[in-house]
Amino acid sequence: MVFRAVIDADILKDSIEAISTLVDEAKFKLGPEGISLMAVDPANVAMVSFELSSNAFDSYESTEGEIGLDLVKLVNVLGMAKSSDKVGLELNEKTHKLSISMGGLSYTLSLLDLSSIRKEPKVPTLDLPVKATLNGNDLRKAVKAAETVSDHIILGVDGDVLFMEAKGDTDQVRLGLTRDELIDLTASGPARSLFSLDYLSDMSKSLKKVNEITIHLGKDYPIKINFTIANGHGKVGYLLAPRIES
Amino acid sequence: MMTAWTEKYRPETLSDIIGNDKAVTELKKWAENWGIDKKAAILYGPPGIGKTSAAYALANDMAWETIELNASEQRTAAVIQKIAGSAAQTGTFFGGASGRRLIILDEADNIYGNVDQGGVKAITELIKKTNQPIVLIANGYYDMSKTLRWACKPIQFRDVQSRSIIPLLLRICHNEGIDCDDKAIELIGTRAGDVRSAINDLQAIAQGRKKIHIEDVVTGIRDTKESIFDVMKEIFKGSDPKRALYASYSLDENPEDFIHWIDENLPLEYKGDDLAKGFESLSRSDVFLGRVKRRQNYGLWKYAGEMMTCGVQAAKSKKHHGYVAYKPPTIWKKMGQAKSVRVVRDSIATKIGKHCHVSQRYARSELIPFLKSILKKKESAIGVSAMLDLNQNEIAFLLGTSVDSTIQSIHDAAQKRITQATEHSIETFGGGF
C-alpha cells in the first residue's frame, strides 16, 4: 500500500478536528481519489462522515487501503504546526507507521490495529421533511445561547421560521430565523426534535469558519448537518439521534 | 484470522439460547413490558452460560440497537455518564426518538474496585433516569450493592446441564465438517462445566483435525483448575524439587496468588515440626514477594517461587500418605469480612495516635495489644474509654466481643465521666455561675 501526500496544515487540522470531536480513534479509507471515513461515537448517538478529495492536497498519491489512527495523538501533533506550514504524510507499511513532517519536525505515529477500532456504522437512509441552509455561525450562536440555560435544545420549523429553543428549569432562550435570514428553506412537513447540547456543541466547533451549512430535520428524528471544508474539496456530514423527551 | 466459535455460534435469537428457559421467558417479558416500567434488569449467574448472549439475542429479537460498556473500558463515573448516559437519553439513527437501544453493562459486579469509585453511583443514577432499556450482567448477585439490586429486576441464569450442551456441540461439529466420536463429544460437554468453555475446548481440540477421537479429548486441554491441585500434590507429597518448581511454572497463577493456596493447605498436610519448617519457608517466600512489590523488581519472583515450592517440599521429614482434600484460599473472603473490623481498628489507632503523639501504625502494632489487656479490668476500661472517647464498637473490638450490655455500661460510664470532666473544667475556668 502506498500513501504519500502534502497538504496545508490548516486544512488537515480542520479536517481531523471535525472528526475528533466525536471519536478518539478512526479508520480512514485511502484511495487514488482521496480519503474518506465513517465513524460513530462510543454511545452510538452521533455519526460523522468525512471525505477529502485528492484535489485538497498539494500533492497526493495513494493506492486503495485502510489505516487506523489515534486522533487524539494526531490532533496533538498537528497542534505543533503553524497554519502556513505544509504537512507531509507518508505511510510506511512495513513498520506500520505514518510519518508526519512539517516545518523541520518529523513525527512517526504508530497505526492502530484495524480490528481494534469500532466497526463502521450502518447508515440509515432518512427522508427528512425540512432542509435549511444557513450560516454556520448562526447555529453555533444558537447552541452557545442554549447552553446557558439547559443541556438540550429543540430545533424545528414553524411556518417560515426555523426555530431553536432551549428551556431550563427557570429560563428560556429562543432564536427564530425567518426565510429571509436563512440562505434557503424548504419544508414539506412538520419538524421538531430535541437534541443533546453536549453533542451539538462539539459538532458546532467546526462550524466557526463555515459560511454555509445545510441541516435536515424531521419530527422526533435525527438531525443531519452537512458542510464543505478545504475550499470545497472536502465534505463533512454529522448525524445526531434525537433525545427522548421525558 | 480465525474466528472464535463462541462468536460464530453466538445465538441470534432468544429461542437459540440453550437451557435457562425460565430466565429467557422472564427476560422476554421484561423487554415486552419495558416502557410501562423503566426498571433495568440484572442477568446474573456463573460465567459462560449465555447471559451476554441472551442480552444480544433479545435486542435482535426486539429489533433494538445495542451498546455495550464492558470492563475492558475504563468505567469511571465520567465515562459512564458520558457514554451510557447519552445512550440512555437518546433515540436511534433509524427510529428517531421512539427507537430503542439496549444498554448492556457487562461485569456489573466488577465496577467497584475500578479506578473510580463513583462508578456504582453513576450506574445507579443512570438506571433511575434512563429512557432506554438497560441490562446489567453479573456473576454474583450479592456482590452488587444493595441500591443497585433494588433498582433492578433480577433474572437468574443457572448452570446449563451437559445434556443440553452436547446437541449444540454436535451441531457445531456438523457445521464445521468435523467427524467426532459421540464419546468424545460427551466428554467435552461434561468436563467443561459451561457452554462457553465447552465450545472453546471443542475448537481447541478440533484445531487442525477433521476427526476427533476420545483419545484426543483425554489428552486435551482444560486443566488449570485440576493442575493447581496437582502442583500442590507435587509440593506436599513429592520429593523432586525440580518437578514441583516446573509444575508451578505451568500454572496460570502468579506467585502472589499461589502462595495463598499453599498457605491454606499447608496445615492440612504437615503437622508438628514439618509444619513449622514449612511455614518458615513460606514466610521467606513472602519476604521476597514483599521485596518484589517494594522494589518493583519482578525478577525476585523467581526466589519467592522456589521458596514456596521447593522450600515447602523440602520441609517435611517424611513422606505424607493419604488423601487430603485441598481447599481454595479463604484469605480474600476473610479480608472482605475483616474490612469492617479493620475500619474499627484503624479508628482506635487514630485516637491513640492523637492522644500519645505516635503514628497510627505504631499505635496499631505496639499499643493496641497492651490496651487489650488493660481493658480487661472494668474500672480501667472505663478510664481508657473516657480518655480516648471510644465508641461502643471500638470498646467491643478491644475486648474481643460484640456489643452487649457490658460494653454498653462501660461506654455509658465513660461518657458520664467525660461530661463530668467537661463540667468540672468549665467550673475551673469560671464557667459556673
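Right above here is the structure, for reference.
Note that the structure is predicted; figures quoted are calculated from it, not measured.

1. A look at the packing of aromatic side chains
Across all of its chains, the model carries eleven aromatic pairs over all chains by this definition. Through successive ring pairs, a cluster of aromatic residues spans Phe3, Phe57 and Tyr60 of chain A. The cationic tip of Arg174 of chain A hangs over the ring face of Phe163 of chain A; the distance from NZ or CZ to the ring centre is 4.6 Å. Sitting over the ring of Tyr141 of chain B, Arg149 of chain B keeps its end group 5.8 Å from the ring centre.

2. Focus on the nonpolar core
Core analysis: the largest hydrophobic core is formed by 103 residues, its most contacted members being Phe28 and Ile225 of chain A together with Leu136 of chain B. Apart from the residues within four sequence positions on either side, Leu136 of chain B is in contact with Ala40, Ala41, Ile42, Leu43, Leu105, Ala108, Ile123, Ile127, Leu148 and Cys152 of chain B.

3. Examining the sheet that holds strand β14 (residues 184–187) of chain A
What holds strands together in a sheet is hydrogen bonding between their backbones, with the strands either parallel or antiparallel. Residue and element names in this part refer to chain A. Read across the open sheet, the nine strands follow the order β6-β2-β3-β4-β18-β17-β16-β10-β14; overall the sheet is antiparallel. Of all strands in the sheet, those bounded by a partner on one side alone are β6 (65–70) and β14. The mean angle between the axes of side-by-side strands here comes to 15°, regardless of whether they run parallel or antiparallel. Looking at chain direction, strand β16 (residues 213–217) and strand β17 (residues 223–229) are connected through four bridges and run antiparallel. Opposite Ile213, over in β17, you have Phe227 as the bridge partner. Contacts from helix α2 (residues 71–79) reach β2 (25–31) and β6, with the element oriented near 75° to β6.

4. Concerning the interface of chain B and chain A
Contacts between the two partners involve 19 residues from chain B, matched on the other side by 22 residues from chain A. At the boundary of chain B with chain A, total buried surface from both sides reaches about 1700 Å², with 63% on carbon and sulfur atoms. Three residues, Phe93, Phe94 and Ala97 of chain B, lead the burial of chain B against chain A; their summed loss comes to 40% of the area buried on that side. For the pair chain B and chain A, the interface holds zero salt bridges. The tally of links between chain B and chain A comes to seven residue pairs in polar contact (both at pLDDT 80 or more). Contributions of two or more residues to the side of chain B that touches chain A are made by β2 (65–69) and α4 (77–89) of chain B.

5. Some details on the side chain of Arg243 of chain A
Inspection of the secondary structure assignment puts Arg243 of chain A in the segment after β18 (234–240). There is no salt bridge for the buried Arg243 of chain A, and the closest opposite charge comes from Asp151 of chain A, which lies 4.6 Å off by N-O distance.

6. Focus: the pattern of salt bridges
Residues and elements named next belong to chain A. Tallied over the full model, the rule gives 27 salt bridges over all chains. Across the pair Arg4 and Glu90 runs a salt bridge whose closest N-O atoms are separated by 3.2 Å. Placement of the pair is Arg4 in strand β1 (residues 3–8) and Glu90 in strand β7 (residues 86–92), with a sequence separation of 86 residues. Residue class for Arg4 comes out partly exposed when judged on its relative accessible area of 39%. Exposure remark for Glu90: the relative accessible area of 34% places this residue in the partly exposed category. Linked by salt bridges that have partners in common, Arg4, Glu61 and Glu90 make up one network.

7. Some points on helix α4 (residues 197–204) of chain A
Residues and elements named next belong to chain A. The buried fraction of α4 is high, at seven of eight residues. Every buried residue of α4 is accounted for by Leu197, Tyr199, Leu200, Ser201, Asp202, Met203 and Ser204. Capping the start of α4 is the job of one residue whose side-chain oxygen sits 3.3 Å from the backbone nitrogen of Asp198: Ser196.

8. Some thoughts on unusual backbone geometry
All names here are of chain B. Notably, Asn20 is not glycine yet its phi reads approximately 50°, a positive angle. The residue Asn20 is located in the loop between α1 (5–8) and α2 (21–32) in this model. With relative accessibility at 14%, the residue Asn20 sits in the buried group. Here Ala63, not a glycine, exhibits a phi torsion of approximately 55°, which is positive.

What counts as what
The residue numbering used here restarts from 1 in each chain and proceeds along that chain's sequence as written. Numbering of ligands from 1 and lettering of chains from A proceed in the order in which they are written. Thresholds applied to this predicted model are a pLDDT of at least 70 for local features of residues and 80 or more for the giving and counting of side-chain atom pairs; totals over whole chains, interfaces and linings are not thresholded and use all residues. Each side-chain value is worked out from all heavy atoms of the structure, with water and hydrogens disregarded. Each Phe, Tyr or Trp ring (for Trp, its six-membered ring) is paired with any other whose centre lies within 6.5 Å, and the angle between the two planes then decides the class: stacked below 30 degrees, edge-to-face above 60, tilted in between. Geometrically, a lysine NZ or arginine CZ counts as sitting over a ring once it is within 6 Å of the ring centre and also within 35 degrees of the ring normal. To qualify as a nonpolar core, a set must consist of buried Ala, Val, Leu, Ile, Met, Phe, Trp, Tyr and Cys residues joined through side-chain atoms within 4.5 Å. Each residue is assigned to one of three classes by its accessible area relative to the maximum for its type, calculated with a 1.4 Å probe on protein chains only: buried under 20%, partly exposed between the two thresholds, exposed over 50%. Two residues form a contact once any of their heavy atoms are found within 4.5 Å. In this analysis, strands are considered paired if DSSP registers two or more bridges between them. Starting at the N terminus, helices and strands are each numbered in turn, a helix being any DSSP run of H or I of at least four residues and a strand any DSSP run of E of at least two. Axis lines are fitted through C-alpha atoms, for helices just across the contact stretch, and the angle between N-to-C directions can take any value from 0 to 180 degrees. Note: buried area is the sum, over both parts, of the accessible area (probe 1.4 Å) each one loses when the two are combined. Only one rule defines a salt bridge in this text: a Lys or Arg side-chain nitrogen within 4 Å of an Asp or Glu carboxyl oxygen. Distance and chemistry together define a polar contact, namely a pair of N or O atoms within 3.5 Å, with one atom able to donate a hydrogen and the other to accept it when in protein, and with adjacent residues in sequence counting only for side-chain atoms on both sides. Note that His is not counted, nor are the chain ends; the positive residues are Lys and Arg, and the negative ones are Asp and Glu.

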